[in-house]
Amino acid sequence: MKVKNARFVTSAITAKGLPESNLLEVAFAGRSNVGKSSLINALVGRKNLARSGSRQGMTRLINYFSLDDEIHFVDLPGYGYAKVSKSEMDVWGKVITEYLNVRPQLYLMLILLDVRRENPGDGDRMLLNWAQNAGINYMIVATKCDKLSRVQVNNNLRLIRKNLSLPEDVKIYPVSAESRSGIDELWDGIDSFIVE
Ligand SMILES: Nc1nc2c(ncn2[C@@H]2O[C@H](COP(=O)(O)OP(=O)(O)O)[C@@H](O)[C@H]2O)c(=O)[nH]1
Ligand SMILES: [Mg+2]
């Protein structure tokens, strides 16, 4: 999809505040700081549509962006990247599972993993399990690939695949929001789910 006009729509704190709309949704999920907002900006070709590196607390919101009034990108809350308390994980899990459960508009979930962490965390595994169990289309995206050499990226993609026991037909999309490498390929992947 070539995006002409992307705009911020609204923020919700819980699933109750989600916008009334029938547009299909592509959701971006992963821990705080993994690069969700930066990836949304890179995909729509805007520097600062989704705020990146935002203050703590701001990352708790479910943020909606409209792309040409054809599709919604949904920036989901992340969970802490330092030490995560059980109660924080519980709140995060509740918001995400509620969203997954009440939102038939959700068409595709992008699960973002930092390419440097070859062993994804509990939250990442939970996201994958929820998507698989709910039967939601999902894609795995490895972020910040500019931080590693090509050899290291390929090596870590292999380890991530193994550690998550990913089905063979599930691709991992390596990207960098910084260098824009992999962004066109990721769009092709997203389009292949949406244009059917
Ligand atoms: N080098 C590099 N840094 C990135 C990339 N994507 C995001 N970042 C940085 O990682 C931090 C967190 O990014 P952000 O998009 O806010 O993550 P979010 O919390 O998941 O929305 C910011 O300082 C970004 O500039 C990338 O592809 N390469
Ligand atoms: Mg963010």
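To keep things clear, this report deals only with the structure shown in the data block. (Residues numbered from 1 in each chain as written. Chains lettered and ligands numbered in written order. Predicted model: local features only at pLDDT ≥ 70, side-chain atom pairs only at ≥ 80, totals over all residues. Heavy atoms only, no water.)

Comments concerning the overall build of the chain
Each helix and strand counted, the chain has 5 helices and 7 strands in total. Walking the chain from its N terminus toward its C terminus, one meets helices and strands in the order β-β-α-β-β-α-β-α-β-α-β-α. Over its C-alpha atoms the chain spans a radius of gyration of 16 Å, differing by no more than 12% from the 16 Å that the globule rule assigns to 196 residues. Its C-alpha atoms give the chain principal-axis dimensions of about 45 × 40 × 35 Å. Relative to all contacts within the chain whose residues are 6 or more apart in sequence, the contacts with residues 24 or more apart total 74%. For the chain, the accessible area works out to roughly 10,400 Å², and carbon and sulfur atoms hold 48% of it. One way to put it: in the chain the 26 positive side-chain charges average out to a point 7 Å from where the 22 negative ones average out. (Helix = DSSP H or I, 4+ residues; strand = E, 2+ residues; numbered from the N terminus. Rg over C-alpha atoms; globule rule 2.2 N^0.38 Å. Contact = heavy atoms within 4.5 Å. Areas by Shrake-Rupley, 256 points an atom, 1.4 Å probe, with all protein chains shown as cover. Lys, Arg positive; Asp, Glu negative; His and termini not counted. Charge placed at Lys NZ, Arg CZ, Asp CG, Glu CD.)

Structural notes on the sheet that holds strand β3 (residues 62-67)
Strands pair in a sheet through their backbones, by hydrogen bonds, and they do so in one of two ways: parallel or antiparallel. Ordered in space as β1-β3-β4-β2-β5-β6-β7, the 7 strands form an open sheet in which the pairing is mixed. Two strands in the sheet have a free side with no partner beyond their single neighbour: β1 (6-12) and β7 (172-174). Each strand of the sheet is rotated relative to its neighbour by a mean of 25°, with strand direction disregarded. (Pairing = 2+ DSSP bridges. Axes fitted to C-alpha atoms, helices over the stretch in contact; angles between N-to-C directions.)

Observations concerning the pattern of salt bridges
For the structure on display, the rule yields 5 salt bridges. We note a salt bridge from E25 to R103, for which the minimum N-O separation is 2.7 Å. Residue E25 is found in strand β2 (residues 24-29), and its partner R103 is found in the loop between α2 (86-102) and β5 (106-114); the two are separated by 78 residues along the sequence. On the accessibility criterion, R103 (9% relative accessible area) is buried. A salt bridge links R117 to D124; the nearest nitrogen and oxygen atoms lie 3.6 Å apart. Exposure remark for R117: the relative accessible area of 32% places this residue in the partly exposed category. The class of D124 is buried, set by a relative accessible area of 4%. (Salt bridge = Lys/Arg side-chain N within 4 Å of Asp/Glu carboxyl O. Buried < 20%, exposed > 50% of the residue type's maximum accessible area, 1.4 Å probe, protein only.)

Some thoughts on the environment of G93
Its location among the elements puts G93 in helix α2. Sequence-wise, G93 and G45 are 48 residues apart; in three dimensions their C-alpha atoms are separated by 30 Å.

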